[in-house]
Structure formats: structure tokens, C-alpha cells
Amino acid sequence: MKINNVILQFTAKFVFFIIFFFAVHIFFAGHYTPGGGFVGGLVTASAIVLLIIAFDLNTVQKLLPINYIYVVAVGLILALGTAAFSMFVGEPFFTHFFDYFYLPLFGKTSLHTAALFDLGVYLVVVGVTMTIIQTIGEDE
Amino acid sequence: MNNFLLLPILIPFFFGMILLFGQKKLGYQRITTLLGLMISIICAFALMLNVNQNGPQIVTFGNWPVPFGITMVSDMVSALLVLTTLVLAFFIVWYGFGSIGKERERFFYYPGVMFIVTGVNGAFTTGDIFNLFVFFEVLLMASYLLIVLGGEKAQLRESIKYILINVISSALFVITVAYLYSVVGTLNMADISVKIAEINQPGIVTVIAVLFLMVFGMKAAIFPLYFWLPSAYAAPPIPVLALFGALLTKVGVYAIMRTYTLFFTHDLAYTHELLLILSILTIVAGSIGALAHFDVKQIIIYNIVIAVGVILFGVAQMNEAALEGAVFYLIHDMIIKAALFMLIGIIIYVTGTTNLRKMGGLMGNYPALGWFYLIAALGLAGVPPLSGFIGKLLIVQGGFQAGNVWTSIFILASSLVVLLSVIRIFIYAFWGEQGQLSSTMNKSTYNLLFFPTIGLVLVSILYGVGTEIIQPFMNEASKVLSDPSIYSDAVLKGGK
């Protein structure tokens, strides 16, 4: 018997974006206040999991045809690259750089290389979480 | 500040990442892995020469001032171990081409190897006790992958045990680090060394020392915490077994060596006496296992346990001769264990069985294999001029200097048991009537397995014959171990 989950599917389409943008917010909040790549990644993964629950694994894989292992690899390379960048300019590994810029709309903004590292963490967390969930889900 | 010492850690890490792409392309996977290890070996060798000339190399992450940031310290001990690790990984990966199987190669075997090397090298290099835990986790994560990869029944059974043991010991590790932090208020290993010396190691620090011995002893397989090792190590295929047997237990041994020479040096009568007793019991337990089994894998696996006991006996003496012997023996044991596992891997491949009773008469068809096995076996037992001799000699010399006459004689006697256990394989497998032979064996795979093995046996012979050349490096290493102030001064005063 097929369950009627119209309401869940309809809501999930909206709630996915709400959760996703909240994840982006948490990600950028991360440097000075609680948040960051790890939590942002988990929240994003939970948004995708909501889609998987509302629809099913195959539909979501068609919707987001991503090989999550590549996401992990790209995240790792980004994180390592940010950390290793300082080696090439003669500073110890993991030294970070930041400065203040005046951007249109945003005004005075601090741009930080740590955010790139955090983006790497974000990708790794999304990739690992989704790989685990997909692998377990497929076995049914 | 010198970022160069990070390269032997970062290069395998980077190559592990790019190996995550192109999962199914075997040629790409194999060549990239060997290339990555080759570059790392060159860097590690250059690092070793640099450390020899300029003393310990320091870098503190993120440009933080020294006791606060995470410091990486490459002294002679860690530089030697890092180089050995990479050389062994190179030969084991090469050997794996012929025996690991295409299925595993397509399923992230090579990234697993690269990440395990990253973790092992990181653990050897780090100068921060909590960071040591992090690198332990890195190598354990990769080892979980390698032990279960392939999904055979025995592997699944043993991997559950293996993960459980390691999760428990990791939890204990964090708790112990927290205890230590609450007493001395720092995580930097050099700083801990100075702080413990200042408060003159009260009873609580001795308790923490014993807890550390438990945590690292679980990984290093000392008595009575070795119970998980023989069955867990026997489950994965030979290249993974060689990697685990040569590297993983040695990380635990290194951690004991480091903490017991750098931190807990003020109550030798308790901590090092305990270490001495446990090391003797470890040798006894290992010897019984090595003589009792008729399974070639188990015999060599129990020899790991014996060697751990011998090295820790050297650490327990806490004088320069014994520590030099311990470093000598540690590196000898890493090389020779990898070589022996590779050799018995070939024997198993040729005969199709691990049971000694079914083997026999291989000398007729495979004389070269027989002679190389004999050389490796004699090297393991420490017959001069092969590689095990000088390490054991120095350990026993240190034992006599420290006044532990009877236990030193016991160490010498244990060599006979080691010799007996490995010669038994030689006698059963190579002499006598023609035993069982595998029907699926082909000559080109045999050669693919044989050449890296010979290479590693030759490395071990060079290590023994070239003692004269290696000795200054070892001497440097033992100085750092026997005088903790060299290490802490280099980090706290020179680490700018």
C-alpha cells in the first residue's frame, strides 16, 4: 500500500531551502560566534536527508547527481590547500590571513582565509554524512 | 620555524586525497601511490640529514607562541621512524600489486594506505600530547578501512573486536590526557616535561604514567593487553597484515618510549620497574604463542609480541646504551617483520595453505625463496652481522649496566626461542617430502611478489652490515631520549 505523503513532499520542497539557507547562515556566523563548517555541513546534510525521507533515495540521486566521495576529496584538498598556502609564503603551516575590505552592500567586511578552510570542512562533513546515509540506505 | 619537516606527513595525505578520484583506474592508482611514497621518502631522507646537522626541527602551527600552539618536532628518533615507515610502505604497496586483489584495489585500498602512513608519520612527529591522540585516530580510521576491506567472514568478525578495543583505548587515552592536563595545565610535550620536573612527579603523575602505559600498551600489544592482536591481525590479507604488523604496534611502542623518557622520569623505581616486569611477561607470552602454533601467520604475529617486549625492556633500563639499542631494535624489527610477513605471504601463495604440517620440500623448486627466508629468520633472531644483532647487544649491555643481570640473560635466552620458532617454519616448509602445492599459482605473480620481498630483505641486510654508518644517527637519537632537556630546550627556547 502506498502512503499518501503529499503534505510531507510539498512541505519538504520549501523547508529544504529554509534549512539550507540557515546552514549557510550558520557557516558564515562561525568565525566569531557559535557555528562554522562542521555544524553547517551537518545541517545541510539533514536538509538532504529530509528530501530523501519525503521522496526516496533514487529521486534525490537524480535531483542531486553528486558523487559524495568526490565532495569529501575536494573538501580535503581545499582545507589542506588553505593550510598549506602559508608554507609557500614562508609562514608556519596553518597560519591564517585576514583583512578588512569595503564591499558594496556589505560595508566593512573582514575576509578571512579561515573561511576557506571552513568551507573544506563543510564539504567533508556533507560528503561523509551523505556517503554513510546513502550506503546504509542502499542496502535495503 | 621550518615547514620542511611536515612534508613527509603532508605529501602522503595529499596523494591520498587525489587517489579518492579515479577509483576504478588501477594503473593510475598504483603509479600515483608509488610516486607519492617515493617523493615522501626523498623528503624524509633530506629531513633526517637536516636533523643530524642542525638538531631537532620545530614548527608551531599557525604562528602561535610555543606552549600554546600545536608544535611538530622532528628529532632524530622521529626522523628515523618516519623514514623507515615510508620505505616499508613503499615495498608493501609494491608487494600488494601481486596479492591484494583487484577488488580491493578498486575500493580505496591505496587511499587507505596513504592515510595510514599520514597518521603514523604524524604520530611520530607531533610534539603535542593531544595532537598525538588526533594522529592515532587518523591512523586508526584508515586501519578500520583496511582491516574490513574485502568483507570476508573472518574480517568482519575480527574488525568488530578490533574497533571495539580501539574505541575503548582511545576513550581511555582522552581521559588520561585530561587527567594530565588537569595536573600540569599544558599539552605541549616539552612543556609537560618541564612542568613535571618542577613539581617532581607526585603520586598522581605516577598514576597517570601507569594509565598511559595501559593506553599505549593496548595498541603496542604488551602483556596482558595483547589478547586482541593475534586473531585480529590474522584476518586481513598479507600486505595489510605486513603494514599493521610493521607499523601500528610500533606507534604504540614509540608512544611509550616517548612518554617514559620525556615525562615520567622521576620515579623510575616504580614506573620503569613496572615496565620491565611487563616487558619480560610480554616476551614469555609471545614465546609461548610463537612455539605453540603451527599456522605460519600466527608464528610471525606472536613474534611481534616478543619484539615489543624486547624493545620495552630497553626503554625500561633508561640509560644511553639501552635506549640506543631500543631505537636500533625498533627500526630493525619494523623492517624485518615486514620482510617476514612478505616471505610467508609468498610461501602461503605457493602452497595454498597456512598450516605448517601440510607444507614441505619447497627447497627443490624455490631455492632462492628458501635462502632469503633463512637470512631474514637469522636476522630476526639477531645473528651477527645481520640487523637484529647490534640492537639486542646494546639492550643487553644497558641491562647489565643498570644491574638487571638475570633479566638481561633472559632476553638473550629469548633469542633462542625466536630462532627456534622461525627456523621451524624453514624446516617444515623447505625441507623434507614435497608437501601441498597451490594449483592456481603462476610464475609472473610469483615474481611480482618476490622482487619487493628481496628488496626489503636486502634493506635489512644493509641495515645490519652498515651499522657503522647508521650508528651516529642512532647515537643522536639515544641522546635525545636519555636527556629530556635536549628535546624541551629545542622546543621551548629554539622554537621561534
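Bear in mind that the values here come from a model prediction, so they are computed numbers and not experimental data. Residue indices follow the written sequence of each chain, beginning from 1 at its first position. Here every chain gets a letter starting at A, and every ligand a number starting at 1, in the order they are written. The model is predicted, so local features are restricted to residues of pLDDT at least 70 and side-chain atom pairs to those at 80 or more, both for listing and for counting; the totals for chains, interfaces and linings are taken over all residues. Only hydrogens and water are removed before side-chain values are computed, so all heavy atoms of the structure are retained for them.

Participant: Quick question: what am I supposed to make of the overall build of chain B here?
Facilitator: Every helix listed is a DSSP run of H or I at least four residues long, and every strand listed is a run of E at least two residues long, numbered separately from the N terminus. Of the regular secondary structure elements, chain B holds 21 helices and two strands. Buried, partly exposed and exposed residues are distinguished by accessible area as a fraction of the type maximum, computed with a 1.4 Å probe on protein chains only: under 20%, between the cut-offs, and over 50%, respectively. A total of 496 residues make up chain B; the buried ones form 65% of that total. A separation threshold of at least 6 residues defines the contact pool for chain B, and within that pool the share at least 24 residues apart is 82%. Here chain B has roughly 16,700 Å² of accessible surface; of this, 70% comes from carbon and sulfur atoms. Only four residue types enter the tally: Lys and Arg on the positive side, Asp and Glu on the negative side; His and the chain ends are excluded. By convention, charge coordinates are those of NZ in Lys, CZ in Arg, CG in Asp, or CD in Glu. Between the centroid of the 23 positive side chains of chain B and the centroid of its 20 negative side chains there is a distance of 14 Å. Contact definition: two residues touch when any of their heavy atoms are within 4.5 Å. Surface exposure here means Shrake-Rupley accessible area, sampled with a 1.4 Å probe, where a residue is shielded only by the protein chains that are shown.

Participant: What's the story with the overall build of chain A in this structure? I'm lost.
Facilitator: For chain A, the count of helices and strands is five helices and two strands. Secondary structure elements of chain A, listed N to C terminal, follow the sequence α-α-α-α-β-β-α. The atom set for the radius of gyration is the C-alpha atoms, and the globule formula is 2.2 Å times the number of residues raised to the power 0.38. Relative to the 2.2 N^0.38 estimate, which gives 14 Å for 140 residues, the radius of gyration of chain A is 18 Å and therefore markedly larger than a compact globule would have. Each principal axis of the C-alpha distribution contributes one length, and for chain A these read about 65 × 35 × 25 Å. For chain A, the share of sequence-separated contacts (at least 6 apart) that also reach a separation of at least 24 residues comes to 61%.

Participant: For this particular structure, what's the right way to read the pattern of salt bridges?
Facilitator: Side chains that carry opposite charge are capable of pairing whenever their charged atoms lie near each other. Residues and elements named next belong to chain B. By definition here, a salt bridge exists when the distance from a side-chain nitrogen of Lys or Arg to a carboxyl oxygen of Asp or Glu is within 4 Å. Evaluation of the coordinates by the stated rule reveals ten salt bridges over all chains. Between Lys 161 and Glu 158 there is a salt bridge, with its nearest N and O atoms 3.1 Å apart. Here Lys 161 and its partner Glu 158 are both found in helix H7 (residues 153–184), three residues apart, which amounts to about one turn of the helix. Owing to a relative accessible area of 38%, Lys 161 belongs among the partly exposed residues under this scheme. For Glu 158, a relative accessible area of 3% puts it in the buried group. Salt-bridge contacts for Lys 337 lead to Asp 333; the nearest nitrogen and oxygen are separated by 2.8 Å. Here Asp 333 and Lys 337 lie together in helix H14 (residues 320–351), a separation of four residues that amounts to about one turn. The residues Lys 337 and Asp 333 share a single accessibility class, namely buried. Each of Arg 157, Glu 158 and Lys 161 takes part in one network of salt bridges that share partners.

Participant: Help me out: how do you make sense of the packing of aromatic side chains in this one?
Facilitator: What describes a pair of aromatic rings is the distance from one ring centre to the other and the angle between the planes of the rings. When two rings of Phe, Tyr or Trp (its six-membered ring) have centres within 6.5 Å they constitute a pair, described as stacked for plane angles under 30 degrees, edge-to-face for angles over 60, and tilted for the intermediate range. Per the counting criterion, the structure on display carries 47 aromatic pairs over all chains. Geometrically, the ring pair formed by B:Tyr109 and B:Tyr110 is edge-to-face, given 5.0 Å between the ring centres and 65° between the ring planes. In terms of burial, B:Tyr109 and B:Tyr110 fall into one category: buried. Three or more aromatic residues joined by ring pairs form one cluster here, namely B:Phe130, B:Phe133, B:Phe136, B:Phe173, B:Phe212, B:Phe216, B:Tyr260, B:Phe263 and B:Phe264. Here, a charge over a ring means that NZ of Lys or CZ of Arg falls within 6 Å of the ring centre while also lying within 35 degrees of the ring normal. The aromatic ring of A:Tyr100 is capped on one face by A:Lys108, whose charged end is 4.7 Å from the ring centroid. One residue, B:Arg357, lies across the ring of B:Phe294, its end atom 3.8 Å from the ring centre.

Participant: Whenever I open this one, the side chain of B:Thr118 confuses me. Can you help?
Facilitator: All names here are of chain B. If you trace the backbone, Thr 118 turns up in helix H5 (residues 109–125). Polar contacts, as used here, are pairs of N or O atoms within 3.5 Å; protein pairs need one atom able to donate a hydrogen and one able to accept it. Residues neighboring in sequence count only if both atoms are side-chain atoms. Polar contacts involving the side chain of Thr 118 include one to the main-chain carbonyl oxygen of Met 114, which spans 2.8 Å. With near-sequence residues (within four places) excluded, Thr 118 lies in contact with Ile 9, Pro 12, Phe 13 and Phe 135.

Participant: Teacher, can you tell me more about the packing of helix H17 (residues 388–401) of chain B against helix H18 (residues 405–430) of chain B here?
Facilitator: Axes are the key here: two packed helices are described by the angle between their axes and the distance separating the axes. Residues and elements named next belong to chain B. A fitted line through C-alpha atoms serves as each axis, taken over the contacting stretch for helices, and the angle formed by two N-to-C directions is quoted from 0 to 180°. Two elements in contact, H17 and H18, have axes whose closest approach is 8 Å; the angle formed by their N-to-C orientations is 160°. In this view, H17 runs roughly antiparallel relative to H18, as classed from their interaxial angle. Our pair here, H17 against H18, has a crossing hand that is left-handed. Between H17, through Lys 392, Val 396, Gly 399 and Phe 400, and H18, the contact on the second element is made entirely by Val 405, Ser 408, Ile 409, Ile 411, Leu 412 and Ser 415. Orientation labels follow simple angle bins: below 35 degrees gives roughly parallel, above 145 gives roughly antiparallel, 65 to 115 gives roughly perpendicular, and whatever is left gives oblique. Crossing handedness is defined as follows: a turn of the near helix away from the far one that is anticlockwise and smaller than a right angle gives a left-handed crossing, while the clockwise case is right-handed.

Participant: What's the story with the interface of chain B and chain A in this structure? I'm lost.
Facilitator: Many descriptions give the size of an interface as the accessible area lost when the pieces come together. Counting residues at the interface gives 19 residues for chain B, matched by 14 residues for chain A. Carbon and sulfur atoms make up 81% of the surface buried where chain B meets chain A, a total of about 1,500 Å² over both sides. Here chain B and chain A share zero salt bridges between them. Taken together, the links from chain B to chain A amount to four residue pairs in polar contact (both at pLDDT 80 or more). Among the elements of the structure, helix H1 (7–19) and strand E1 (57–60) of chain B are those that each provide at least two residues to the side of chain B that touches chain A. With six residues, H1(B) is the single largest residue contributor to the side of chain B that touches chain A. Polar here means any residue other than Ala, Val, Leu, Ile, Met, Phe, Trp, Tyr, Cys and Pro, which are nonpolar, and Asp, Glu, Lys and Arg, which are charged; Gly is therefore polar. Partitioned by chemical class, the residues of the side of chain B that touches chain A number 14 nonpolar, five polar and no charged. We define buried area as the total accessible area lost by two parts upon association, computed with a 1.4 Å probe and summed across both.

Participant: Would you take a moment to explain the environment of B:Ser40 for this structure?
Facilitator: Residue and element names in this part refer to chain B. The topology assignment puts Ser 40 in helix H2 (residues 26–54). Put simply, Ser 40 and Val 251 are 211 residues apart on the chain and 19 Å apart in space, counted from C-alpha to C-alpha. Those residues in contact with Ser 40 that sit more than four places away from it in its chain are Ile 11, Pro 12 and Leu 86. For Ser 40, the side chain forms a polar contact with the main-chain oxygen of Gly 36, separated by 2.6 Å.

Participant: Got a minute to help me understand the environment of B:Leu262 in this structure?
Facilitator: Residue and element names in this part refer to chain B. Relative to the helices and strands, Leu 262 resides in helix H11 (residues 238–262). It is 19 Å that separates the C-alpha atoms of Leu 262 and Ala 402, two residues lying 140 residues apart in sequence. Discounting residues that sit within four places of it in the chain, Leu 262 has contacts with Met 189, Ser 193, Pro 484 and Tyr 487.

Participant: I would appreciate a short explanation of the pairing of E1(B) in the present structure.
Facilitator: If a strand is regular, its side chains alternate between the two faces of the sheet. Residue and element names in this part refer to chain B. Residue alternation in E1 divides its side chains into two sets, Gln 57 and Val 59 and Ile 58 and Thr 60, and both sets are buried. Sheet topology note: the E1/strand E2 (residues 71–74) ladder contains four bridges and is antiparallel. Following the sheet pairing, Thr 60 is matched in E2 by Thr 71. Note: two strands are recorded as paired if DSSP finds a minimum of 2 bridges between them.

Participant: How do you make sense of a nonpolar patch on the surface when you look at a structure like this?
Facilitator: Residues and elements named next belong to chain A. Surface patches are drawn from residues lacking salt bridges whose relative accessible area is over 30%; two like charges belong together within 9 Å, two nonpolar side chains (Val, Leu, Ile, Met, Phe, Trp, Tyr) within 5 Å. On the surface, a nonpolar cluster with roughly 580 Å² of combined accessible area is contributed by Phe 101, Leu 103, Leu 105, Phe 106 and Leu 111. Relative to the helices and strands, Phe 101 resides in strand E1 (residues 98–103). When its relative accessible area of 37% is taken as the criterion, Phe 101 is described as partly exposed.

Participant: Would you mind going over H17(B) with me for this structure?
Facilitator: In an α-helix, one turn spans 3.6 residues, which is why side chains three or four residues apart end up on the same side. Residues and elements named next belong to chain B. Here, expected helix span is obtained from the residue count minus one, scaled by 1.5 Å. If you check H17, its first and last C-alpha atoms are 20 Å apart, about what 14 residues at 1.5 Å a residue would give, namely 20 Å. Taken together, the buried positions of H17 are Gly 388, Ile 390, Gly 391, Lys 392, Leu 394, Ile 395, Val 396, Gly 398 and Gly 399. Check the buried side of H17 and you find it contacts helix H13 (296–317), H14, helix H16 (367–381), H18 and helix H20 (467–482). Of the residues one or two after H17, Gly 403 is the one with positive phi, at around 90°.

Participant: Whenever I open this one, unusual backbone geometry confuses me. Can you help?
Facilitator: One can expect most non-glycine residues to show negative phi and most peptide bonds to be in trans. Residues and elements named next belong to chain B. Note the cis peptide between Phe 223 and Pro 224, where omega equals -5°. With respect to the helices and strands, Pro 224 occurs in the loop between helix H9 (203–220) and helix H10 (229–234). Omega for the peptide link from Pro 384 to Pro 385 comes to 5°, which places this bond in the cis form. For Pro 385, the location among the structural elements is in the loop between H16 and H17.

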